[in-house]
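# Descriptive analysis of the structure
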Amino acid sequence: MSSLAKQPASPRKQPRQARARATVDAILQGSTRILQTHGLEKFNTNHIADVAGVSVGTLYQYFPSKDAILIELIRQKRSQLRDALAEAAASSAELTPEQALDNLLRVTIAHQLRWPMVGRTLDYAESFLPLADESFNFKRELTDIISTLLAKFSVPNADMVARDLIFALNGLIEGILATQNADADQIFTRARFLAHGYINAVREN
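Residues numbered from 1 in each chain as written. Predicted model: local features only at pLDDT ≥ 70, side-chain atom pairs only at ≥ 80, totals over all residues. Heavy atoms only, no water.

## Quick notes on the overall build of the protein
- Across its full length, the protein carries 9 helices and 0 strands.
- Reading the protein from its N terminus to its C terminus gives the helix and strand order α-α-α-α-α-α-α-α-α.
- Referenced to the eigenvectors of the C-alpha coordinate spread, the extents of the protein come out at roughly 60 × 35 × 30 Å.
- Split into buried and exposed, the 205 residues of the protein put 40% on the buried side.
- Taking contacts inside the protein between residues at least 6 apart in sequence as the whole, the part at least 24 apart equals 73%.
- Of the roughly 11200 Å² of accessible surface on the protein, 51% is carried by carbon and sulfur atoms.
- Looking at charge distribution, the protein has the averaged site of its 23 positive side-chain charges lying 7 Å from that of its 22 negative ones. (Helix = DSSP H or I, 4+ residues; strand = E, 2+ residues; numbered from the N terminus. Buried < 20%, exposed > 50% of the residue type's maximum accessible area, 1.4 Å probe, protein only. Contact = heavy atoms within 4.5 Å. Areas by Shrake-Rupley, 256 points an atom, 1.4 Å probe, with all protein chains shown as cover. Lys, Arg positive; Asp, Glu negative; His and termini not counted. Charge placed at Lys NZ, Arg CZ, Asp CG, Glu CD.)

Here it is in structure tokens:
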């Protein structure tokens with residue numbers, strides 16, 4: 001159960017010195033390892049502090065609760081995906097539409113495969129964390145990145161197509177990872193069929 005009713009969810013303070021940043025990084029890395037191995041089952045501040053190699057008191061200097069740590073991990077994960085997609089889209093000037101879309105797919109798949117258990121756990125955690133506004137804005141940012149690229153290649157209804165692709169590809173990739181072992185190439189092949197097939201159908205209608 002979430003601790004939001006008892007504890008604030010925002011970080012207490014931002015680390016400004018190198019030693020403080022290293023401490024926060026250790027806490028977040030330790031948290032990631034716990035989530036990847038155990039999900040939320042053993043995700044508590046005592047265990048996090050132990051894995052991170054810091055005292056519980058030190059952890060509380062930066063994070064008032066385990067929910068605050070989850071929120072920071074979600075923000076980092078989102079930022080990494082957004083920045084990687086934006087970079088891939090920005091480097092598409094000399095590419096064909098198919099190549100540009102393939103680059104976005106590879107970025108998305110690589111992001112999902114990096115810490116699959118962590119990703120699924122953080123997606124679930126969003127349901128009980130106060131992130132509704134941030135989640136809406138994040139999805140809007142992703143849609144804008146993809147729709148701008150699609151519009152550049154004259155794909156009709158680029159905004160709608162971008163939203164559909166985000167929903168469909170997220171469901172496809174998450175479904176594959178949850179039910180079977182698959183490498184990046186296998187996932188890419190199936191995602192490519194979905195994405196290119198949908199865009200081709202939109203262009204023909």
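Structure's up, so let's keep going.
## Some points on the nonpolar core
- Counting residues in each nonpolar core, the largest one holds 32 residues, and the members touching the most others are L104, L150, V161, L165, I187 and I199.
- When residues of this core are traced back to their parent elements, those giving at least two are α4 (66-90), α5 (97-114), α7 (132-152), α8 (158-179) and α9 (184-204).
- Of the residues forming this core, the biggest block, 8 residues, is contributed by α8.
- With 24 residues, the next largest nonpolar core counts I34, L59, L122 and L129 among its residues. (Core = buried A, V, L, I, M, F, W, Y, C linked by side-chain atoms within 4.5 Å.)

## Observations regarding the environment of L105
- Looking at the element boundaries, L105 is found in helix α5.
- Relative accessible area serves as the criterion here: at 5%, L105 is assigned to the buried category.
- Separated by 17 residues in sequence, L105 and A88 have C-alpha atoms that sit 9.8 Å apart.
- Once you skip the residues sitting within four places of it in the chain, L105 turns out to touch L169, F188, A191, R192 and A195.

## Examining the packing of aromatic side chains
- Applying the stated criterion across every chain, the model contains 1 aromatic pair.
- Summarising the aromatic geometry, the rings of Y124 and F128 are spaced 5.7 Å apart at their centres and angled 75° between planes, so their arrangement reads as edge-to-face. (Phe/Tyr/Trp six-rings, centres within 6.5 Å; stacked < 30°, edge-to-face > 60°.)

## Here we look at the pattern of salt bridges
- Scanning all chains against the criterion turns up 9 salt bridges.
- As a salt-bridge pair, R82 and D83 come within 3.6 Å of each other at their nearest N and O atoms.
- As a salt-bridge pair, R163 and D159 come within 2.4 Å of each other at their nearest N and O atoms. Taken together, the residues span about one helical turn, with R163 and D159 both in helix α8 at a distance of 4 residues.
- Each of R140, D144, D159 and R163 takes part in a single network of salt bridges with overlapping partners. (Salt bridge = Lys/Arg side-chain N within 4 Å of Asp/Glu carboxyl O.)

## Points about α7
- For α7, spanning 21 residues, the distance from its first C-alpha to its last is 30 Å, which sits close to the expected 30 Å at 1.5 Å a residue.
- The complete set of buried residues in α7 reads S135, F138, L142, T143, I145, I146, S147, L149 and L150.
- In this fold, the buried residues of α7 make contact with α4, α5, α8 and α9. (Expected span 1.5 Å × (residues − 1).)

## Focus: the packing of α8 against α9
- Viewed as axis vectors pointing N to C, α8 and α9 meet at an angle of 155°, and their least axial separation amounts to 10 Å. Comparing their axes, α9 and α8 come out roughly antiparallel. In the crossing of α8 with α9, the sense of the turn from one axis to the other is right-handed. For the pair α8 and α9, the contacting residues are M160, V161, D164, L165, A168, L169, L172, I173, I176 and L177 in the first and I187, R190, A191, L194, A195, Y198, I199 and V202 in the second. (Axes fitted to C-alpha atoms, helices over the stretch in contact; angles between N-to-C directions. Parallel < 35°, antiparallel > 145°, perpendicular 65-115°, else oblique. Left-handed = near helix turned anticlockwise from the far one by under 90°.)

## Quick word on unusual backbone geometry
- Even without being a glycine, S154 presents a positive backbone phi close to 60°.
- Tracing the sequence through the fold places S154 in the loop between α7 and α8.
- Positioned with a positive phi, N157 is a non-glycine residue whose angle comes to about 50°.

## What to know about the packing of helix α1 (residues 18-38) against helix α6 (residues 116-125)
- Contact geometry for α1 and α6: axes closest at 7 Å, N-to-C directions at 95°. Considered as vectors, α1 and α6 are oriented roughly perpendicular to each other. Facing T32, L35, Q36 and H38 of α1, the residues of α6 in contact are P116, M117, V118, T121 and L122.
- In terms of residue class, the contact of α1 with α6 is built from 5 nonpolar, 4 polar and no charged. (Nonpolar A, V, L, I, M, F, W, Y, C, P; charged D, E, K, R; others polar.)

Bear in mind that shape data such as this cannot, by itself, settle questions of function.
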